[in-house]
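Each chain is listed here by its residues.
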Amino acid sequence: MSPGAIATDGAVEILIRNDHVRWWNKPNLRRLYLCLVPFCLFIESTSGFDSSMMNGMQALVPWKEYFNYPKGGQLGLLVACYNLGALTSIPFISLLSDHVGRRWSIVFGSAVMMIGAIMQGLSVNLAMFVFSRIFLGHGIVYAIVGGAALLGELGHPKERAFLGSMFNAFYGFGAVLGAGIVVRTILIPNDWSWRLPSFLQAVPSIVQIAFAFTVPESPRWLISKDRSEEALAILIKYHAEGDASNELPHVEFAEIKRALEMENESRRRGWAELFQTAGMRRRSLVAAMLGLFVQFSGNNLISQYLVPILVKIGIKDSHTQVRYNVGTQAWGLVIGLIMASVTPRFPRRKMFLLCASCLVCVYTAWTIAQARNRITGSKESGYAVLVMIFLYSPAYCLGYNALTYVYMVEIFPYYVRTKGLSWFQLFGRSAVMFGSFVNPIGLENADWKYLLVYVCWLCFEVVFIYFFFPETFGKTLEELTFLFEGEEKQNELAASTQKVLDHPDVTEVHEHEVVPEKKV
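On a predicted model such as this, the values are computed, not experimentally measured, just so you know. (Residues numbered from 1 in each chain as written. Predicted model: local features only at pLDDT ≥ 70, side-chain atom pairs only at ≥ 80, totals over all residues. Heavy atoms only, no water.)

Visitor: For this particular structure, what's the right way to read the packing of aromatic side chains?
Guide: Aromatic ring pairs are described here by two measures, namely the spacing of the ring centres and the angle between the planes. Scanning the model with the defined rule gives 43 aromatic pairs in all. Each ring, one from Phe129 and one from Trp194, has its centre 5.9 Å from the other, and the planes form 75°; the classification is edge-to-face. Linking Phe129 in helix α7 (residues 126–154) with Trp194 in helix α10 (residues 192–200), this pair joins segments that are 65 residues apart in sequence. Considering the side-chain rings of Phe464 and Phe468, the 4.6 Å spacing of their centres and the 25° angle between planes classify their relative orientation as stacked. One end of the pair, Phe464, and the other, Phe468, are both in helix α23 (residues 451–468), 4 residues apart, so they sit about a helical turn from each other. Look at Phe464 and you get buried, because its relative accessible area is 7%. (Phe/Tyr/Trp six-rings, centres within 6.5 Å; stacked < 30°, edge-to-face > 60°. Helix = DSSP H or I, 4+ residues; strand = E, 2+ residues; numbered from the N terminus. Buried < 20%, exposed > 50% of the residue type's maximum accessible area, 1.4 Å probe, protein only.)

Visitor: Even after reading the chapter, I still don't get the environment of Val326, so can you show me in this structure?
Guide: Positionally, Val326 belongs in helix α18 (residues 318–342). With 62 residues separating them in the primary sequence, Val326 and Asn264 have C-alpha atoms 48 Å apart. Ignoring any residue separated from it by four or fewer positions in sequence, one finds Val326 in contact with Ala179, Gly180 and Val183. (Contact = heavy atoms within 4.5 Å.)

Visitor: Just checking my understanding: could you explain the environment of Gly435 for this structure?
Guide: Residue position: Gly435 is located in helix α22 (residues 414–445). Overall, Gly435 belongs to the buried group, its relative accessible area being 2%. Each C-alpha atom, one on Gly435 and one on Leu290, is 16 Å from the other, the two residues being 145 residues apart in sequence. For Gly435, the contacting residues outside a window of four places in its chain are Phe296, Tyr305 and Pro440.

Visitor: When you look at empty space enclosed by the protein in this model, what are you seeing that I'm missing?
Guide: Rolled over the atoms, a probe sized like a water molecule indicates the empty space that remains. On inspection of all chains with the given rule, the structure shows 4 cavities of 30 Å³ or more. The calculated volume of the largest cavity comes to roughly 730 Å³. At 6 residues, helix α20 (residues 379–401) tops the list of elements feeding residues into the lining of the largest cavity. Classifying every residue of the lining of the largest cavity by side-chain character gives 17 nonpolar, 18 polar and 4 charged. Two domains each put at least three residues into the lining of the largest cavity: domain 1 (28–217) and domain 2 (274–486). Estimated volume of the second largest cavity: approximately 50 Å³. (1 Å grid on protein atoms, 1.4 Å probe; cavity = no way out; pocket = protein on both sides within 12 Å on 5 of 7 lines; lining within 4 Å. Points joined across faces, edges and corners; volume = space filled by probe spheres on them. Nonpolar A, V, L, I, M, F, W, Y, C, P; charged D, E, K, R; others polar. Domains from an automatic or database assignment.)

Visitor: Just checking my understanding: could you explain the pattern of salt bridges for this structure?
Guide: Opposite charge on two side chains allows them to pair when their charged atoms are near. Using the criterion set out here, one finds 13 salt bridges in the structure. Between Asp50 and Arg133 there is a salt bridge, and its shortest N-O distance comes to 2.6 Å. With Asp50 in helix α3 (residues 27–57) and Arg133 in helix α7, this residue pair connects regions lying 83 residues apart in the sequence. Here Glu273 and Lys419 are joined by a salt bridge, their closest N and O atoms 3.2 Å apart. Note that Glu273 is positioned in the loop between α14 (247–266) and α15 (278–295) and Lys419 in helix α22, a separation of 146 residues in sequence. Both residues of the pair, Glu273 and Lys419, count as buried. Shared partners join several salt bridges into a network, and the residues in it are Asp98, Arg102, Glu153 and Arg417. (Salt bridge = Lys/Arg side-chain N within 4 Å of Asp/Glu carboxyl O.)

This is a description of form; function is not addressed.
Next up, the structure:
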């Protein structure tokens, strides 16, 4: 294998290209992925449950009576306080995740969410309901950042992008569950119609805690803490099915270790490292804008305020409304899973461009249909609005749902990865909170004209992605560490992996270093 080939394709890519065994035929890797489903992938299910549950609650008469028929700004507060809580956690996420590890960050966040869900179910007034939702929101981001990082850092290079895509796709499981539960509890003629879904919101968090120690810690985190032997043992067990003579885990180990050393040589400490170089400033700009794009592309109108939209197009029966809520969430789940299986196989930047362009088309058609409905009152235009709402899911899932966390994990080097994900969450949660306040007011006062705001914003997204989003497809996380830092460092990193391939004795040395995997 020539050095030139490594510079182009990377040693790891070349090795996995020759691996034709699928993950389900590898017992250790299969067991790992099956445990990652409840522990990591169910994290986004909590967000989906909350969003669809709050959407459905707006159709529950006991909930509206208990909180004095909230609308406009007050309704916005009830929805937005979840993301207000998320914002309060941003300064502490990287401290926890980098200090105690990805797993404990998920466990902590899940415990906080479990307490918040119980408090929400026990709420006796508006203040307690709002505080419990702030508490819920505070916990979710610890789990999301830790989960996204763990999936990217622990998964086999062949399936890393697929796992990251599935992370967001599992939002749909929680969304369907939350919407479906409200369909049944709407038949309960008292406060339990909204208290029961609130209590059940704790279930995904309980599942995560139960499976916390069925998966190992991130090998990259272990190496950063000078626990290299444990990291190599994990790589050999899951990426080579326990075969210590396999080249792949040793090449990965050498690449990870050298990348962390090189990255650590020139980095600052604290949040300043997000802006210390031109490359880091570019990463931070892309992450900030992607946070806005993912959460302010009109998706929250559907996930949080579908009921007011249905009322405006003439669908006023509460039973019908909650069924439409279930329908949109189930459709979103199916489309999300399909897109998560397909889009990671294509270049990231092209898929983001296609996604944003399709959203412009869908939202433009939606705006026209809703305008005709409000002007003429025809049923046909109302049905056209529903069609556009359902077409929104495949357009959104092309990029923003399937590739967001894959892309975020790829563009940020290890030592700033949790800070980068937190930075992304800061802008995303701010966008959701802003939209939660503004959307009900805009729908109430500007009616269909409010949709024009999103059409213009989506046009801006297309332009920004075209000029600023870098391509990351086909590289390992370590190769992407120096995406903007020039070829010199990239070649130095490639040389460290080439050394393992050129000198088999290096593999033998690594084999002697391996210790049994510990539960950390």
